[in-house]
Amino acid sequence: MAVSVQQLTKELEIFGVDCEESVTERLAELCARYEQNEEAMVGEFVAFLTSTRKDCLSSETVDSFEHEFLNKRLSKAHHSASKDSGHAGARDIASIQELIEVEEEEETLLNSYTTPSKGSQKRAVTTPETPLTKRRVSARSPQVLLSPSSFSPSATPSQKYNSRNNRGEVVTSFGSAQGVSWSGRGGAGIISLKVLGCPESLTGSYKFMFQKLPDIREVLTCKIEELGSELKEHYKIEAFTPVLVPAQEPVTLLGQIGCDSNGKLNNKSVILEGDREHSSGARVPVDLSELKEYSLFPGQVVVMEGINTTGRQLVATKLYEGVPLPFYQPAEEDGDFEQNMVLVACGPYTTSDSITYDPLLDLITIINHDRPDVCILFGPFLDAKHEQVENCLLTSPFEDVFKQCLRTIIEGTRSSGSHLVFVPSLRDVHHEPVYPQPPFNYDLPHEDKKRVQFVSDPCSLSINGLVFGLTSTDLLFHMGAEEISSASGTSDRFSRILKHILTQRSYYPLYPPQEDVAIDYENFYAYAQLPVTPDVLIVPSELRYFVKDVLGCVCVNPGRLTKGQVGGTYGRLYIRRQTVDGEGRRSPCVAAQVVRI
């Protein structure tokens, strides 16, 4: 190939490299020898100089460049190229399997046009209902479907995870869980899944980062007015008083809790921001010294009673309890009264020191063994906080790794027949980092469309008439860091926070939100409110796992499937819709457990 010394000189000048003519001529020889153009050769040469920090440009430098860099790198490239041309390149297991499937489909198509012979009789007979390729695909193991070496150069299994000796240990129980045999009916039972909206559910992506401050203010004001109206009706309050009006007698005020500075809320920094109708959004400091019991957090809508003698500070004497929404009333089309098993698990599905997805493969094994009726899987499926993701060490796009992970779950559990529900997470590196978060966008095979469902975060899901509240956002951790409380007796922080979620009627009542939660308030008002009080609320968190009954709602923190380098936990529940009788409402959760993976 023709190489121009003048072109090499121009390329070197772009990088500010001045060379003697002998060096330039030597580089021209290397271009011809290794079949590189001037631009590529200069790029390699400058990279070599930068990495080795060589200042003196002589013929010895070029010799060193050829020996240490070009000889190794380009010979390796030629070797792989010849290998590619010989037999289609090095492929991962999944790619090879896909090629085999295509060949099988072509062979099956050709055989349909030929006369059967003795040799062809040995092949399995196929019908339109049970095609050959589909049966082969469903029989493939998850280990074959998921090949970490195809997207990570260092796919070494985690030693700490594989050496654990507490797998299957039950760490907490609820209800009549003793001696229960945990198994579902897979696809044999009749399962009705329906997403409840308020008034409608989030089904697709939307434009974000365009909200204006007046729009946010409007949403917060509407929230104060709506909850205030409910509390006023429930407690038979005659009227609310403006927060800045002086009064020598007790008054009742409506507003939202806030902090008087940018720091963390404490009992000396509480302010009450009044509603627009009565107080025009004015603020008044609150003295909590007269309150024996309280639990407050920024963004909480409250009704307070107290004395505001000067109009500059409210001495609170009473805090009205919030009122939850009624429970969902099932209809005839919501399914039967049979007992169903629900499995819930939350990512990450890899340990922090490995990207091999061993915990996920173990979970798929459990699903195939127990055959739960419904599996609810929360993100992150590819964690933005994983070391290999943060350091950009993966060799495939994030979207491709996620799709391979999702395909492993869907095809790997096909034999169980379990219904799968996927909930995204703000930590899913490939997905839109906005709250409320739209469902995953994934093209399902035709045979899986009836048993796989993608929902938003948050989401209210009806399973045979029982409502599950689902959110992958770590609300317990966020609110626990901001809540202040005072109680005369023993008080459980988790129960207080869960009670706030139910009485504030929102999946994220905290305002302002945590820094890593980007909320689009217009869609938050439409899609992140509780339509009813859920029968079961699933709130995965970094905090300790639990199962609690709060205001008649069974609240479950299943933990995360992995905790750093070690295995974590997942949850399983038996649910049954109860018949309505004169004894009042009974809990639909028959039993629940949190188990180590």
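As a starting point, this report considers the structure included with it. Note that the structure is predicted; figures quoted are calculated from it, not measured.

Among the eight residues that make up strand β7 (residues 301-308), six are buried, leaving the element largely enclosed by the rest of the structure. Looking at chain direction, strand β3 (residues 247-259) and β7 are connected through seven bridges and run antiparallel. Paired with Q256 across the two strands is V301, which belongs to β7. The turn joining β7 and strand β8 (residues 314-319), which pair antiparallel and follow one another in sequence, is formed by five residues; a positive phi near 80° is taken by G311.

Among the secondary structure elements, E483 is positioned in the loop between α14 (475-482) and β15 (484-486). At 2.6 Å, the side chain of E483 and the side chain of R496 are in polar contact.

Sheet architecture is open: seven strands sit in the order β1-β22-β21-β9-β10-β11-β12, paired in mixed fashion. Whereas interior strands pair on both sides, the edge strands pair on one side only; in this sheet they are β1 (170-175) and β12 (452-454). The average angle at which neighbouring strand axes cross in this sheet is 15°, direction not considered. Where strand β21 (residues 569-575) lies against strand β22 (residues 589-596), seven bridges are found, and the strand directions are antiparallel. Bridge pairing links G571 to V594 in β22. Seen against the sheet, helix α11 (residues 358-370) touches β9 (340-346), β10 (374-378) and β21 and runs at an angle of roughly 180° to β9.

What follows is about the environment of D457. Its location among the elements puts D457 in the loop between β12 and β13 (459-463). Here D457 falls in the buried class, since its relative accessible area comes to 0%. Along the sequence, D457 and Y507 sit 50 residues apart, while their C-alpha atoms lie 9.4 Å from each other. When sequence neighbours within four positions are dropped, the list of residues in contact with D457 reads V423, P424, Y435, P436, Q437, L470, T471, S472 and T473. Polar contacts involving the side chain of D457 include one to the side chain of T471, which spans 3.0 Å.

Summed over the entire model, instances satisfying the criterion amount to 21 salt bridges. A salt bridge links D373 to R185, with the shortest nitrogen-to-oxygen separation between them at 3.9 Å. In this pair, D373 sits in the loop between α11 and β10 while R185 sits in the loop between β1 and β2 (193-196), placing the two residues 188 residues apart along the sequence. Residue D373 is classed as buried on the basis of its relative accessible area of 1%. What makes R185 partly exposed here is its relative accessible area of 27%. D448 is paired through a salt bridge with R414; the nearest N and O atoms lie 2.7 Å apart. Pair noted here: D448 is in the loop between β11 (419-423) and β12 and R414 is in the loop between α13 (398-412) and β11, with a separation of 34 residues, a long-range link.

Strand order in the closed barrel made by the five strands is β3-β4-β5-β8-β7, with mixed pairing throughout. On average, each strand axis in the sheet is tilted by 55° relative to the strand beside it, whichever way the strands run. Strand contacts of helix α9 (residues 213-234): β3, β4 (270-274) and β7, with the helix running at about 135° to β3, the strand carrying the most contacts.

Calculation criteria
Here, residues in each chain are numbered from 1, in the same order as that chain's written sequence. Given that this is a predicted model, residues contribute local features only at a pLDDT of at least 70 and side-chain atom pairs are listed and counted only at 80 or more, while totals for whole chains, interfaces and linings are drawn from all residues. For side-chain calculations, the full set of non-hydrogen atoms in the structure is used, while hydrogens and water are omitted. Each residue is assigned to one of three classes by its accessible area relative to the maximum for its type, calculated with a 1.4 Å probe on protein chains only: buried under 20%, partly exposed between the two thresholds, exposed over 50%. Helical segments are the DSSP runs of H or I of at least four residues, strand segments are the runs of E of at least two, and each set is numbered from the N terminus. A strand pair is defined by DSSP finding two or more bridges across the two strands. Under the rule applied, a polar contact is a pair of N or O atoms within 3.5 Å (in protein, one hydrogen donor and one hydrogen acceptor; residues adjacent in sequence only if both atoms are side-chain atoms). Lines are fitted to the C-alpha atoms to define the axes, a helix being fitted only along its stretch in contact, and any angle between axes, read from their N-to-C directions, falls within 0 to 180 degrees. The contact definition used throughout considers only heavy atoms, calling two residues in contact when any of these lie within 4.5 Å. The rule for a salt bridge is simple: a side-chain nitrogen of Lys or Arg has to be within 4 Å of a carboxyl oxygen of Asp or Glu.

Distances and angles like these do not, on their own, reveal function.
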